[in-house]
Every structure is written in C-alpha cells, then in structure tokens.
Amino acid sequence: MRFLRRLLLAVFGVPVALAVVMSLVDGYRSRGARGRRGKPFPVTPPRTNAVGDGTVTTYTFGNDLYEDMIAAIDGAKKQIFFETYIWKGDDVGQRFKEALGAAAERGVEVYCIYDELANLVVPSRFKRFPEGVHVLRYPTYAAGLRFFDLSRYGRDHRKILVVDDTVGFVGGYNIGNAYATEWRDTHVRITGPGVWDLRRAFADFWNLNRRRPHPLTHRTDAEGPLLIETAPSWDPDLRFHRNVPRLWMFPIRSMYLEAINRASRNVYLTTAYFVPDEDFVDALKAAAQRGVDVRILLPLKSNHVVVDWISRGYFSQLLDAGVRILRFKDAMIHAKTATVDGFWSTVGTANIDRLSLTGNYEINLEIFDRDVAKQMEEIFSRDESNALELTADEWAARDIHRKFTELVLTPLRPLL
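Cut-offs applied
- Residues numbered from 1 in each chain as written.
- Predicted model: local features only at pLDDT ≥ 70, side-chain atom pairs only at ≥ 80, totals over all residues.
- Heavy atoms only, no water.
- Pairing = 2+ DSSP bridges.
- Helix = DSSP H or I, 4+ residues; strand = E, 2+ residues; numbered from the N terminus.
- Axes fitted to C-alpha atoms, helices over the stretch in contact; angles between N-to-C directions.
- UniProt positions renumbered as here; feature names shortened; annotations may be inferred.
- Buried < 20%, exposed > 50% of the residue type's maximum accessible area, 1.4 Å probe, protein only.
- Parallel < 35°, antiparallel > 145°, perpendicular 65-115°, else oblique.
- Left-handed = near helix turned anticlockwise from the far one by under 90°.
- Contact = heavy atoms within 4.5 Å.
- Nonpolar A, V, L, I, M, F, W, Y, C, P; charged D, E, K, R; others polar.
- Phe/Tyr/Trp six-rings, centres within 6.5 Å; stacked < 30°, edge-to-face > 60°.
- 1 Å grid on protein atoms, 1.4 Å probe; cavity = no way out; pocket = protein on both sides within 12 Å on 5 of 7 lines; lining within 4 Å.
- Points joined across faces, edges and corners; volume = space filled by probe spheres on them.

If you look the chain up in an unreviewed UniProt entry, it shows as PLD phosphodiesterase domain-containing protein from Nocardioides luteus.

And the structure:
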C-alpha cells in the first residue's frame, strides 16, 4: 500500500504541482500585459446569409457583436433570455446590465443566467440586479449532498441571448471589455424558426436548475418554472446540439465525429483549447490519411498555459498523419467553429476538450448551408493569414526539456 500511495503521488501529484507552478509563473509574467489592448488582428465584417426560412449573421469582432446585441435588447417588446459564462463588471458588462434593467422597467420579462464560479472575482455589487430581472446564478458547487454524482459538477459554459421570438445569438463571446477588442472569437445571430429552438434550450436549463422552494421554509428567492410555447415549425438547415451533464447527454462530440468521419475534401477546425480524446484524434488522423485537407487553428499562447502544454502532447501524431497545425498570433483566439466540405459548419460554445465535450453545459449550432460554409472558409483563411504553421521538422527539433514537460503533464489530460 505504501508503494501504491507513492506511485499515485508520482503519477498525479507531480503533474498537478507542475501545473500549479506553471500557472503561477505565467500569471506573474502576464500581469504587465493586463488591461492593454492587444495588437491588431484581421477580422471579417458581419455578413448575413439566408438559411432556410431565416438568416444567419456571423461576427468575428466583439464590438460589432455587442452593438447588435444591445440593439436587440433595446428593441425587445415581450421577453429576453440572456445567459453567459463570464459577465465582467466593467464598462461593457455594465452596459448590458443597464440595457436589461431598462427593458425590465418598460415591462419586458427579463431572465438572466450566469455561472457563479466563473464570476467569483466580479464585485458583489455588480451582481445585484434591479426589480423585475429574474436571475439564476448557477452555483459554484451544484452537487449538494451528492458528492459522488459526477453529473452535477459541470459548469454552465453557454452564451445565449434570445429576444422575443424573433432573434437569437449564440457563440463563444463572453461579456467584457477585453472580449470587445482584444480576443478573436466567433458568434452568430439567427432569425427564423431556429430562434424557437434557442428559446427552448434556455428554458430547459432554467427549469432544470432553478431555485425551488423548500417545503418547510418556503424560500422567497425561489423562481418558478419558465413556460414557453412549442416551436411552430422546424428548420432542417439548422440544428442545436446541447450537452446536458445532469442527463448524461453529450451530443456535440458525436456531431463533430460524424462530420469529420464523412469529410471528403476539407476539415477546418478552430478551437481555443485542444485536449481531445483518442477517438477524436483518430478521426482527424484518419481523415488526413485518406487525403482530406485537415487544418486545426489554435492560439499560439492561450490564457491557460497548462492547457497549451497538454495540447502539444498530440502534435506529433497529428503532424505525422498529415494534419496541419496553425497557431494564431498577437491575440487570444477563443472561437469554437468548424466547417467541412463546403457545406457543413458549426459555431458554438464547446471547445475540443474533455470539459466541453463530456463535462460542461454547452450548446453548438449545426448549419447545413453552402453560403455559410463558404463564409466560414473565408473567415478561416483570414485567421490563417495571422497564424504561424507548425512544421514536423520544427516540432521534432524542440528542446528536451519541452518534451519532458509534455510527458509529465500527460496524466492531466482526462481532467481538462
């Protein structure tokens, strides 16, 4: 038993200790850069495509997105559903809070959801909302007394805005000053029947996690169920996929694998954090080996240094299979998108890592449309112009201490 304890300490304790040290050092080095605007990076102006009975507008710059989101909130007549992972208490965050409060004052039903753990550093005064704004704070610890129920440990990583039954927004953008100008992300605005599906996604999460009154205390802060009408029609060109840990539902991973396995021409994938499981890696390798042009766009340096190092542990086998790895420079790329064969695309909140694909609450929009796919390819090409490609020779020539660090951190892969 003593030997077993020491072995477990070596296998898991050393990687965890190394990860903590790396995070502290990276945080110290990054302190001077906080608050500074990042270097310019190429963006694609918003463009709207007709899809089915509605439209899809794509955003790649935060300021453009925020302006249209605020305009939609200001024009709301009946109901607003707003959900975000991070909601900073800065100028941008305050602007959203004031717009939502103003909507509630004029009689609009306003429902907001945010993740409590992701906003621990946000001042508590910012989290006090005016009368009429219904707020669900997804708790830092949601398992209660069910300590061993892994389905209750997922975070709410979704970003959704639905106004009335006319317009919806979904994608990778959180709310805050830095995301407005310094981060490269992707979001979409939709109209048409797909908006009803987005409304349903919000309502289902609210009803699954709302605060319920205790039968003895009758808590006054409890929220009632959110009831909405059934969608009047379907849009076969748009489909929303939702990961719901409480129900052990993780369809986004399957959506990606199906698209990659069917690819015959190209797979262009952008993700902020890349820690896939072996099935996902094998699918990418198999596609490249049958002649598909497979490209993965990642940050050159993300905001999570440990994830960057763990991601590199997959590079050798991907490069050997013919997968191209591109690293976006001068800014954090936070987009979660992919496009395949000039027809299939997805935009959403799920990264290609285990936390997103098999752990957190996530939502991705799947789009079957050639015009949207063409635009997604153009966006990828624009991002590629600001990226450095990693070659097999360059990767093979890396220092021995880098190889050692990648090896030591390998046991942490299932946790990220």
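Read on, since the account is not over.
Colleague: Honestly, the sheet that holds strand β20 (residues 387-390) in this entry has me stumped. Any pointers?
Modeller: Each strand in a sheet pairs with its neighbour through backbone hydrogen bonds, running either in the same direction (parallel) or in the opposite one (antiparallel). Overall, mixed pairing links the eight strands, which are arranged β10-β19-β17-β16-β11-β13-β14-β20 in an open sheet. On the outer flanks of this sheet lie β10 (238-243) and β20, each paired with one strand and no other. Averaged over all pairs of adjacent strands, the angle between their axes in this sheet comes to 15°, without regard to strand direction. By the bridge criterion, four bridges tie strand β16 (residues 337-340) to strand β17 (residues 344-348) in an arrangement that is antiparallel.

Colleague: Whenever I open this one, the UniProt feature "domain: PLD phosphodiesterase" (unreviewed entry) in the chain confuses me. Can you help?
Modeller: Those places that UniProt annotates as "domain: PLD phosphodiesterase" (unreviewed entry) correspond, in this numbering, to residues 152-179 and 329-356. From the first C-alpha to the last, residues 152-179 spans 29 Å; its make-up is 11% helix and 32% strand. Taken as a whole, residues 329-356 contains 11% helix and 46% strand, while its terminal C-alpha atoms sit 24 Å from one another.

Colleague: Where do I start with helix α8 (residues 305-312) in this structure?
Modeller: Quick reminder: α-helices carry 3.6 residues per turn. Residues three or four places apart thus point the same way. For α8, a buried count of eight out of eight residues is recorded, marking the element as mostly surrounded by other parts of the structure. Taken residue by residue, α8 has Val305, Val306, Val307, Asp308, Trp309, Ile310, Ser311 and Arg312 as its buried positions.

Colleague: Is there a simple way to think about the packing of helix α2 (residues 62-74) against helix α3 (residues 91-105) in this case?
Modeller: Describing two packed helices takes the angle between their axes plus the distance from one axis to the other. Following both chains from N to C, one finds α2 and α3 inclined at 15°, their axes separated by 9 Å at the closest point. By the angle class used here, α2 and α3 are roughly parallel. Crossing of α2 against α3: the hand is left-handed. Taken together, the residues of α3 that come into contact with α2 (itself represented by Tyr66, Glu67, Met69, Ile70, Ile73 and Asp74) are Val92, Arg95, Phe96, Ala99, Leu100 and Ala103. A per-class count over the contact of α2 with α3 returns nine nonpolar, no polar and three charged.

Colleague: Can you walk me through the packing of aromatic side chains in this structure?
Modeller: When we look at a pair of aromatic rings, we describe it by the centre distance and by the angle of the planes. Within the structure shown, the criterion is met by 27 aromatic pairs. Residues tyrosine 179 and tryptophan 183 carry aromatic rings whose centres are separated by 5.0 Å and whose planes lie at 90° to one another, so their mutual orientation is edge-to-face. The two residues tyrosine 179 and tryptophan 183 agree in class, both being buried. Judged by centre distance (6.3 Å) and plane angle (70°), the rings of tyrosine 256 and tryptophan 344 are edge-to-face. Of this pair, tyrosine 256 sits in helix α6 (residues 251-262) while tryptophan 344 sits in strand β17; the two residues are 88 residues apart in sequence, bridging distant segments of the chain. For the pair shown, tyrosine 256 and tryptophan 344 are each scored as buried.

Colleague: In this structure, what is going on with empty space enclosed by the protein? I would like to understand it.
Modeller: Empty space among the atoms becomes visible once a probe the size of a water molecule is rolled across them. Taken as a whole, this structure holds two cavities of 30 Å³ or more when the rule is applied. Empty space within the largest cavity amounts to approximately 80 Å³. For the lining of the largest cavity, the secondary-structure elements that each account for two or more residues are β11 (266-270), β16 and α11 (370-384). Top contributing element to the lining of the largest cavity by residue count: α11, with four residues. Here the residues of the lining of the largest cavity are counted per class, giving five nonpolar, four polar and two charged. Taken as a whole, the second largest cavity holds about 40 Å³ of empty space. Taken together, Met69, Phe82, Glu83, Thr84, Lys159, Ile160, Leu161, Tyr173, Ile175 and His187 make up the lining of the second largest cavity. Going through the elements one at a time, β3 (79-84) and β6 (160-163) are the ones with two or more residues in the lining of the second largest cavity. Residue classes in the lining of the second largest cavity are distributed as six nonpolar, two polar and two charged.

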